[in-house]
Amino acid sequence: LQAMSGNEQDWLALRPQEPSPSQCCGSGCKPCIYDVYEKELAQWERAKAMQDKSLLMGKKEQSNSSELNPDTFTAFSVSSVEQLTEDTYQYKFELPGNSSLRLSLGQHIVLRGVVNGLEVQRAYTPISPGNAEGYFDVLIKCYEAGLMSQYIKTWKRGDVVFWRGPFGGFPYRPNKHGELLMLASGTGLAPMIPILQSITDDEEDETFVTLVGCFPTFDKIYLKPLLQDLARYWNVRIFYVLSQETSLEKLPWSYQENTYTGRLNEDLTKTIINSCRRKPFVLICGSSTFNEDMSRYLKAAGIEENSCFVF
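As annotated in an unreviewed UniProt entry, the chain is NADH-cytochrome b5 reductase-like from Pteruthius melanotis. What UniProt records for the chain under Catalytic activity (unreviewed entry) is the sentence "2 Fe(III)-[cytochrome b5] + NADH = 2 Fe(II)-[cytochrome b5] + NAD(+) + H(+)".

In structure tokens form, the structure reads like this:
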């Protein structure tokens, strides 16, 4: 066999690496990391065929422009870390000058981490308003065995972290729906918050909102002060469903009348839908099991598929 020529080896070294499954966050981003790879591979093949390396110069993995970008990762620095519950944190990231991420409602961004030499990517939804200037906030739950969690737990103020995006989102328009019913489990609360705040911040928006937050216990409800503030608006109701609490007696009285113990099941879902002031449009966000259960309960309650949106 003839040895590979130096030129061949040079080209092979420039060939883009195929992503490993751990690098795909599975959230249906456009472009997905695999789309980016296909594009770079086609660019590499074209350059190799023409033996012209300058055609590869457009390839950039990371950008320094500090502008969020769906195709490349951008560095942002951590400006504060706040522990909300035993395993959930709120991270604040700095935006240069008074710039804003300019996210539309409920959009998510993708984080890249490297753990033990393995690159991992996960999607998270900022909870700060999309037009917040100079910063953005992300709510993250850390799992004992999670690869990304091991990386996130090491973050401290001043660390630099890479994000790309934005992706997805819910095309919300003020007053388009009579009532929004938000079914959120755990950190599934994240995409609901910016939508809810955009409604309460807009005096012209008269949409009713019913938010149902599912958590294991009272202590594990995130962002209580913020939710309590939002619940004071005339058009907002917030219910809590606590799967591991057995009685409401230990809860502060202000929570007792809008909290249920046990799981959000088909009957409770029907009760809540029937208490809505108008026929609701439903937003769902949680684990895949939660999302499937909710879709099933809604169907049983007569809510059509085109009246639901799953994050």
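Here's the deal with the overall build of the chain
Of regular secondary structure, the chain possesses eight helices and 13 strands. Principal axes of the C-alpha set define a box for the chain whose edges measure 80 × 40 × 40 Å. Sorting the 311 residues of the chain into buried and exposed places 47% on the buried side. Contacts in the chain between residues far apart in sequence, at least 24 positions, make up 69% of those at least 6 positions apart. Surface exposure of the chain reaches about 16,200 Å², of which carbon and sulfur atoms provide 48%. Placing the 31 positive and 38 negative side-chain charges of the chain at their respective mean positions leaves the two points 2 Å apart.

Some points on the domain arrangement of the chain
Assigned domains within the chain: domain 1 (74-167) and domain 2 (179-310). One C-alpha centre belongs to domain 1, the other to domain 2; they are set 24 Å apart. Tallying the contact residues gives 14 residues for domain 1 and 13 residues for domain 2. Buried surface at the junction of domain 1 and domain 2, both sides included, amounts to about 1,100 Å², of which 73% is carbon and sulfur. Area buried by domain 1 at its contact with domain 2 is led by Leu105, Ile127 and Leu139, which between them contribute 40% of it. Counting across the interface, domain 1 meets domain 2 through one salt bridge. Between Glu86 and Lys220 there is a salt bridge; the shortest N-O distance is 3.1 Å. In this structure, the connection of domain 1 to domain 2 is made through two residue pairs in polar contact (both at pLDDT 80 or more). At the level of secondary structure, the elements contributing two or more residues to the side of domain 1 that touches domain 2 comprise strand E2 (73-85), strand E3 (88-94) and strand E6 (135-141).

Things to note about the UniProt feature "binding site: FAD" (unreviewed entry) in the chain
When the UniProt feature table is mapped onto this chain, "binding site: FAD" (unreviewed entry) is found at Arg122, Tyr124, Leu139, Lys141, Met148 and Ser149. Despite a sequence span of 28 residues, these residues sit close together in the fold, their greatest C-alpha distance being 13.9 Å. Here Tyr124 is to be found in strand E5 (residues 118-124). With sequence-adjacent residues up to four places away left out, Tyr124 is seen in contact with His108, Ile109, Leu111, Val138, Leu139, Ile140, Met148, Ile152 and Trp163. Looking at the element boundaries, Ser149 is found in helix H3 (residues 147-152). Sequence-distant contacts of Ser149, defined by excluding residues within four places in its chain, comprise Lys141, Cys142 and Tyr143. Reaching out from Ser149, the side chain makes a polar contact with the backbone nitrogen of Tyr143 at a distance of 2.8 Å.

Some words on the pattern of salt bridges
Proximity of charged atoms lets side chains of opposite charge pair with each other. Inspection of every chain in the model, using the stated rule, returns 11 salt bridges. Measuring nitrogen to oxygen at the nearest pair gives 3.9 Å for the salt bridge that ties Asp87 to Lys141. On the criterion of sequence distance, the pair formed by Asp87 in the loop between E2 and E3 and Lys141 in strand E6 is long-range, its members being 54 residues apart. The residue Asp293 makes a salt bridge to Arg296 at a minimum N-O spacing of 3.3 Å. Here Arg296 and Asp293 lie together in helix H8 (residues 288-300), a separation of three residues that amounts to about one turn.

Side note on the nonpolar core
Judged by nonpolar contacts, the single largest core of 33 residues is most densely connected at Met182, Leu189, Ile195 and Leu211. When contributions to this core are tallied by element, the ones reaching two or more residues are strand E8 (179-185), helix H4 (192-201), strand E9 (208-215), helix H5 (224-231), strand E10 (236-242) and strand E12 (280-285). For this core, the leading source of residues is H4, giving five residues. Looking at this core, you find at least three residues from each of domain 1 (74-167) and domain 2 (179-310). Apart from residues lying up to four places away in sequence, Met182 is in contact with Met192, Ile195, Leu196, Val209, Thr210, Leu211, Val212 and Leu283. Of all hydrophobic cores here, the second largest spans 24 residues; its members include Leu68, Phe76, Leu95 and Leu103.

Structural notes on the environment of Ala47
Mapping Ala47 onto the fold places it in helix H2 (residues 33-49). Residues Ala47 and Trp11, 36 residues apart in the sequence, show an inter-C-alpha distance of 9.3 Å. Ignoring anything within four residues of it in the chain, the contact list for Ala47 reads Trp11, Asp52, Leu55 and Leu56.

Side note on the packing of helix H7 (residues 266-275) against H8
For the pair H7 and H8, interaxial distance at closest approach is 9 Å and the crossing angle is 60 degrees. If you check the angle between H7 and H8, you find them oblique. For the pair H7 and H8, the sense of crossing is right-handed. Packed against H7, whose contacting residues are Glu266, Thr269, Lys270 and Ile273, the element H8 presents Tyr297, Leu298 and Ala300 at the interface. A class-by-class count of the residues in the contact of H7 with H8 yields four nonpolar, one polar and two charged.

Procedures and definitions
- Residues numbered from 1 in each chain as written.
- Predicted model: local features only at pLDDT ≥ 70, side-chain atom pairs only at ≥ 80, totals over all residues.
- Heavy atoms only, no water.
- UniProt positions renumbered as here; feature names shortened; annotations may be inferred.
- Helix = DSSP H or I, 4+ residues; strand = E, 2+ residues; numbered from the N terminus.
- Buried < 20%, exposed > 50% of the residue type's maximum accessible area, 1.4 Å probe, protein only.
- Contact = heavy atoms within 4.5 Å.
- Areas by Shrake-Rupley, 256 points an atom, 1.4 Å probe, with all protein chains shown as cover.
- Lys, Arg positive; Asp, Glu negative; His and termini not counted.
- Charge placed at Lys NZ, Arg CZ, Asp CG, Glu CD.
- Domains from an automatic or database assignment.
- Buried area = accessible area lost by both parts, 1.4 Å probe.
- Salt bridge = Lys/Arg side-chain N within 4 Å of Asp/Glu carboxyl O.
- Polar contact = N/O pair within 3.5 Å; in protein donor to acceptor, adjacent residues only side chain to side chain.
- Core = buried A, V, L, I, M, F, W, Y, C linked by side-chain atoms within 4.5 Å.
- Axes fitted to C-alpha atoms, helices over the stretch in contact; angles between N-to-C directions.
- Parallel < 35°, antiparallel > 145°, perpendicular 65-115°, else oblique.
- Left-handed = near helix turned anticlockwise from the far one by under 90°.
- Nonpolar A, V, L, I, M, F, W, Y, C, P; charged D, E, K, R; others polar.

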